[in-house]
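# Inside the fold
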There are 2 protein chains.
Amino acid sequence: MVQKLSPIREQTRTVVRSLLARTAFELFSAKGYDATTVDEVAAAAGVSRRTLFNYFRTKEDLALSGLSEQGEMIAARFAQRPAREDAWTSLRAAFHVLEEIESSPDRRLEVVTLLFGNESLRAGHAEKQARWQDLLSPLVEQRLKASDHRAFEARAITATAITCLQVAFHEWVQLRGRVDVFDLYDRALRAVRPSA
Amino acid sequence: MVQKLSPIREQTRTVVRSLLARTAFELFSAKGYDATTVDEVAAAAGVSRRTLFNYFRTKEDLALSGLSEQGEMIAARFAQRPAREDAWTSLRAAFHVLEEIESSPDRRLEVVTLLFGNESLRAGHAEKQARWQDLLSPLVEQRLKASDHRAFEARAITATAITCLQVAFHEWVQLRGRVDVFDLYDRALRAVRPSA
DNA sequence: CAATCAGTTGCACGGAGTGCAGAAATGTGC
DNA sequence: GCACATTTCTGCACTCCGTGCAACTGATTG
């Protein structure tokens, strides 16, 4: 039963949600993810522990909720691309929304470093990005030539693109953001698909 | 301080370990992962809860420890391949050890279904397989032509191969094992690298 | 003002995981 | 066979995550 919320309720809800996510990030970033308890986050945000769990299913979600939204934004951007554009090209273009989300590059590096750096978060991080497949591969499927118009092939392509993006970000963190992450992405893809 | 164990100790240790993993799998498979408590596994194996945690770091490890070993076996097999063989070919051949591990195909399907089917396990599952990258990519790196002999490219290739394997297994579970998983793997790779 | 309704809170609970200290088992020298 | 050292097992108490429930708060509406 998903209740239709009044606009005002809905609005405050997203405000509180992002407040919580931001306070959480500050603490995680400062003290480390594992050393930060949910109670601390709740207290810092001036809300009860129980309420926090009303906004986020788990502590992990507190750190990773952003990834789900990013997935949706990427899918939305993909949908806007010209219908006859090559799937790989559209994917690359769609990934570019990531550059527009986090205000400064420094901030972006900080976020990604947290996600990659922490043992407990890595798994969830990888999985959330893997869920991008579910959003993107139906869209990719429509771009395939009729000759290989199959859901399975679309998923393989989508998964590979996402993986190359992950590899690129991984290296980007390693290099402390000193190179353009999309240059890395292109290098990764060229290594995998020399023809392209 | 990693203590050098006497051979006899070491041996009983691995025996107990695999006993625990097997009892755990039976219970997970029968009752579901989430509905099974660590205490139940310990009791069923005739060992105290505390001792179980001496053998496995987490409940998740109880279900996923096999994946780490598989990674090592794949790496070992890769190392045996002829030094001049193409990296993609060696990877495919190395993945084939997976066919040799689980006795029967039915059993294999059962295992993989558990890993893919459970929400709580999917993340860890994906991550453990992603760790295969760390084992394999140094080996892949040596196979690259000097012209693109770079660790980064090796990682991209390794990650892509593993991802295609995951996609193949995912579809394989969907189809309840009715097709050969390596046929799926080949289809996935062809979709990604039409040239090959 | 009273009734309602959503969101917040505290409380009690179960399960995962850990540190510690004592019991039990195992191995060694005599 | 016996005393001793060492490793392993175990129980206990504790923290933290996550959830169900019921009471509370504060707006909205009639």
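Details of the structure are given in the entry above.
What comes next is a walk through the structure. (Residues numbered from 1 in each chain as written. Chains lettered and ligands numbered in written order. Predicted model: local features only at pLDDT ≥ 70, side-chain atom pairs only at ≥ 80, totals over all residues. Heavy atoms only, no water.)

## Topic: the interface of chain B and chain A
Here is the rule: We call two residues in contact when some of their heavy atoms are within 4.5 Å. By buried area we mean the combined loss of accessible area, with a 1.4 Å probe, across both parts when two parts are placed together. We define a salt bridge as a contact between a side-chain nitrogen of Lys or Arg and a carboxyl oxygen of Asp or Glu at a distance within 4 Å. Helix numbers and strand numbers start at the N terminus; a helix is a DSSP run of H or I with at least 4 residues, a strand a run of E with at least 2. Residues are grouped as follows: nonpolar covers Ala, Val, Leu, Ile, Met, Phe, Trp, Tyr, Cys and Pro; charged covers Asp, Glu, Lys and Arg; every other residue, Gly included, is treated as polar.
In this complex, chain B contributes 28 residues to the contact, which on the side of chain A involves 28 residues. Summed over both partners, the interface of chain B with chain A buries about 2,500 Å², with 68% contributed by carbon and sulfur atoms. In terms of surface lost to chain A, no three residues of chain B exceed Phe152, Arg187 and Val192 of chain B, which account for 25% of the buried area on that side. The tally of links between chain B and chain A comes to four salt bridges. Note that Arg122 of chain A is salt-bridged to Glu127 of chain B, the shortest N-O span being 3.7 Å. In terms of residue count, helix 9 (residues 151–174) of chain B provides more of the side of chain B that touches chain A than any other element does, 13 residues in total. Split by residue class, the side of chain B that touches chain A holds 14 nonpolar, five polar and nine charged.

## Comments concerning the protein's contact with DNA strand D
Let me state the cut-off plainly: Any residue with a heavy atom lying within 4 Å of a molecule or strand is counted as near it. Whenever two N or O atoms come within 3.5 Å, that pair is a polar contact, provided that in protein one can donate a hydrogen and the other can accept it, and provided that, for residues adjacent in sequence, both atoms are side-chain atoms.
The immediate surroundings of DNA strand D are formed by 17 residues, with Arg49, Arg50 and Lys59 of chain A together with Arg50 and Thr51 of chain B found nearest. In DNA strand D, the atoms that sit within 4 Å of the protein are 52% sugar and phosphate, with bases accounting for the remainder. Arg50 of chain A is positioned with one of its side-chain polar atoms (N or O) 2.6 Å from a base oxygen of DNA strand D. Mapped onto the surface near DNA strand D, the elements with two or more residues apiece are helix 2 (38–45) and helix 3 (49–55) of chain A together with helix 3 (49–55) of chain B. Counting residues per element, the surface near DNA strand D draws most heavily on helix 3 of chain B, which supplies four residues. Of the residues belonging to the surface near DNA strand D, the class tally is four nonpolar, six polar and seven charged.

## Focus on the protein's contact with DNA strand C
Taken together, 17 residues lie around DNA strand C, and Ser48 and Thr51 of chain A together with Arg49, Arg50 and Lys59 of chain B are the ones closest in. If you look at DNA strand C and keep only atoms within 4 Å of the protein, 49% of those are sugar or phosphate atoms. In the environment of DNA strand C, a base oxygen lies 2.6 Å from a nitrogen or oxygen atom belonging to the side chain of Arg50 of chain B. Elements with a minimum of two residues in the surface near DNA strand C: helix 3 of chain A together with helix 2 (38–44) and helix 3 of chain B. With four residues, the top contributor of residues to the surface near DNA strand C is helix 3 of chain A.

## Focus: the relation of the copies chain B and chain A
Which entries qualify depends on this criterion: Superposition of the copies used a least-squares fit over C-alpha atoms from residues whose pLDDT is at least 70 in both.
Superposing chain B onto chain A requires a rotation of 180 degrees together with a translation of 0.0 Å along the rotation axis, leaving an RMSD of 0.1 Å. Such a combination of turn and shift is consistent with a two-fold rotation axis. In this assembly, 100% of the residues forming the interface of chain B have copies in chain A that are likewise at the interface, indicating an isologous arrangement.

Nothing here speaks to function; it is all geometry.
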